[in-house]
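# Notes for the structure review
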Amino acid sequence: MINTVLFDLDGTLLQLRQETFIKTYLGKLQKVFVRLEMDVEESIKALWAGTEAMVRNDGTMLNAERFWAVFTEQLGLNAEQRQAVELACNEFYTGEFDTVKEIMPPNEISGPLVRALESKGYELVLATNPLFPSCAVDTRLRWIGLTQEDFSLVTHYENSTFCKPNPRYFEEVLAKIGKAPKQCLMVGNNTTEDMVIGDLGAETYLVTDCLENEAGLDVAAFRNGTLAELQEYLGAFDDIR
C-alpha cells in the first residue's frame, strides 16, 4: 500500500523549463563572481565541474563537501577565499535568486496538491536532485507557497551523498524515512533521473508539462500526465490518517 509520495521539484512541482531556468539562474549568479572580482568564465567552469562531481558522488562524503572541494581546487582558492565565496552564494540564494521566479508561469496546483495529500496522512518527501544548498530549496519552495516543513524529508547538497540518476540516491532517501519501495510513489518529470526508482520497486508518475527525456524512452511505459491530471489522480487517493 502506498503511504508515501516523493516529489521532484524543478520541472515537476515547479513548472520550469530546465534550459530557461539554468540560463536565467547563471546569468544572475555570475554577478556574485563579479562582485568578488573572480574570473566569471573560470568560475562558471568550476561550478559545472563541482556539479558533475556531485552527480558522480559515491557516498563517501556529502555532496556539499564534494562540490566545494572541486570548485576550490579548480580555482586555486585558499580556505578563506572559499569561505567568502560560499557565504556570498548563500546570500545570493536567499536574496537575488528569488527573482528567477519571474520566468515561472502561474501555478495554482502544486501547493494545494501537496497540502491535500498531507491532510490525508501521506508522508511527503521532496526528492529534488541534491545539487543546491538548503537555502536555495527554501527560496524555490516559496514560489509555490510551500516550505520544507511540508515534507518529512527534503534532499539538498548538505544532507545527501548521492544524486539522481544513481539508484543509490533513492536507496539513501528510503533508508532515511524507513520505507520500502512498494510503499512509495515517485512523481517527477525526467524519464531517467526520476523514473529510475521504479527499478527498485516503487510506483512512478511522469509529469509531462516540462518533460525531460534525453534518453528517448517510451513515455507510454510510465503512468504519465500533466500536473493537472496528476492532481486528479492523487485526489482519488484514500485518506490514510
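Quick note: structure is the one above.
Residues numbered from 1 in each chain as written. Predicted model: local features only at pLDDT ≥ 70, side-chain atom pairs only at ≥ 80, totals over all residues. Heavy atoms only, no water.

In this structure the tally under the stated criterion is 22 aromatic pairs. Here the aromatic rings of Tyr25 and Phe97 are separated by 5.7 Å at their centres, their planes lie at 75°, and the arrangement is edge-to-face. Pair noted here: Tyr25 is in helix α1 (residues 18-35) and Phe97 is in the loop between α4 (79-93) and α5 (110-119), with a separation of 72 residues, a long-range link. Residue class for Tyr25 comes out buried when judged on its relative accessible area of 7%. Arranged with centres 5.3 Å apart and planes meeting at 90°, the rings of Tyr93 and Phe97 form a pair that is edge-to-face. Of the two residues examined, Tyr93 and Phe97, each falls in the buried class. The ring of Phe132 is capped by Arg140, whose NZ or CZ atom sits 4.5 Å from the centre of that ring. (Phe/Tyr/Trp six-rings, centres within 6.5 Å; stacked < 30°, edge-to-face > 60°. Helix = DSSP H or I, 4+ residues; strand = E, 2+ residues; numbered from the N terminus. Buried < 20%, exposed > 50% of the residue type's maximum accessible area, 1.4 Å probe, protein only. Lys NZ or Arg CZ within 6 Å of the ring centre and 35° of its normal.)

Moving on, we come to the sheet that holds strand β3 (residues 153-154). The sheet built from six strands is open, its strands ordered β3-β2-β1-β4-β5-β6 with parallel pairing. The open sheet has two edge strands, β3 and β6 (224-225), and neither has a second partner. Of the strand pairs in this sheet, strand β1 (residues 4-7) and strand β4 (residues 184-188) are connected by four bridges, and their pairing is parallel. Within β4, the residue paired with Thr4 across the bridge is Cys184. In the packing of α5 onto the sheet, the strands contacted are β1 and β2 (123-126), and the crossing angle to β1 comes to about 160°. (Pairing = 2+ DSSP bridges. Contact = heavy atoms within 4.5 Å. Axes fitted to C-alpha atoms, helices over the stretch in contact; angles between N-to-C directions.)

Those residues of helix α8 (residues 227-235) that fall on the buried side of the exposure criterion are Leu227, Leu230 and Leu234. Axial view of α8: buried residues confined to an arc of 50°, hence all on one face. Residues of α8 that are exposed and angled more than 90 degrees away from the buried face: Glu232 and Gly235. Where α8 is buried, its residues contact β1, α5, β4, β5 (203-207) and β6. (Arc of directions from axis to C-beta.)

Relative to each other, helix α2 (residues 40-55) and helix α3 (residues 63-75) sit at 145°, their axes nearing to 8 Å. Considering only the axes of α2 and α3, their crossing is right-handed. Of the residues in α3, those touching α2 at Glu42, Ser43, Lys45, Ala46, Leu47, Ala49, Gly50, Thr51, Ala53 and Met54 are Asn63, Arg66, Phe67, Val70, Phe71, Gln74 and Leu75. Tallied by class, the residues present in the contact of α2 with α3 amount to nine nonpolar, five polar and three charged. (Left-handed = near helix turned anticlockwise from the far one by under 90°. Nonpolar A, V, L, I, M, F, W, Y, C, P; charged D, E, K, R; others polar.)

Moving on to the state of the cysteines. Two cysteines, two sulfur atoms, one covalent bond between them: this is a disulfide. Enumeration over the complete set of coordinates arrives at zero disulfides. With no disulfide of its own, Cys135 has Cys89 as its nearest cysteine by sulfur position, at a separation of 9.3 Å. Free cysteine Cys163: the closest other cysteine sulfur is in Cys135, separated by 16 Å. (Disulfide = S-S within 2.5 Å.)

A few words now on the pattern of salt bridges. For the structure on display, the rule yields 14 salt bridges. A salt bridge links Lys31 to Glu96; its shortest N-O distance comes to 3.5 Å. Taken as a pair, Lys31 in helix α1 and Glu96 in the loop between α4 and α5 lie far apart in primary sequence, 65 residues in all. For Lys31, a relative accessible area of 40% gives the class partly exposed. Of the residues examined, Glu96 reaches a relative accessible area of 25% and is grouped as partly exposed. (Salt bridge = Lys/Arg side-chain N within 4 Å of Asp/Glu carboxyl O.)

Residues Phe7, Phe71 and Phe151 are the most contacted members of the largest nonpolar core, which totals 57 residues. Top contributing element to this core by residue count: α1, with six residues. Once you skip the residues sitting within four places of it in the chain, Phe71 turns out to touch Phe33, Met38, Ser43, Ala46, Leu47, Leu77 and Val85. Judged by nonpolar contacts, the second largest core, of 15 residues, contains Phe170, Leu174, Ile177 and Ala202. (Core = buried A, V, L, I, M, F, W, Y, C linked by side-chain atoms within 4.5 Å.)

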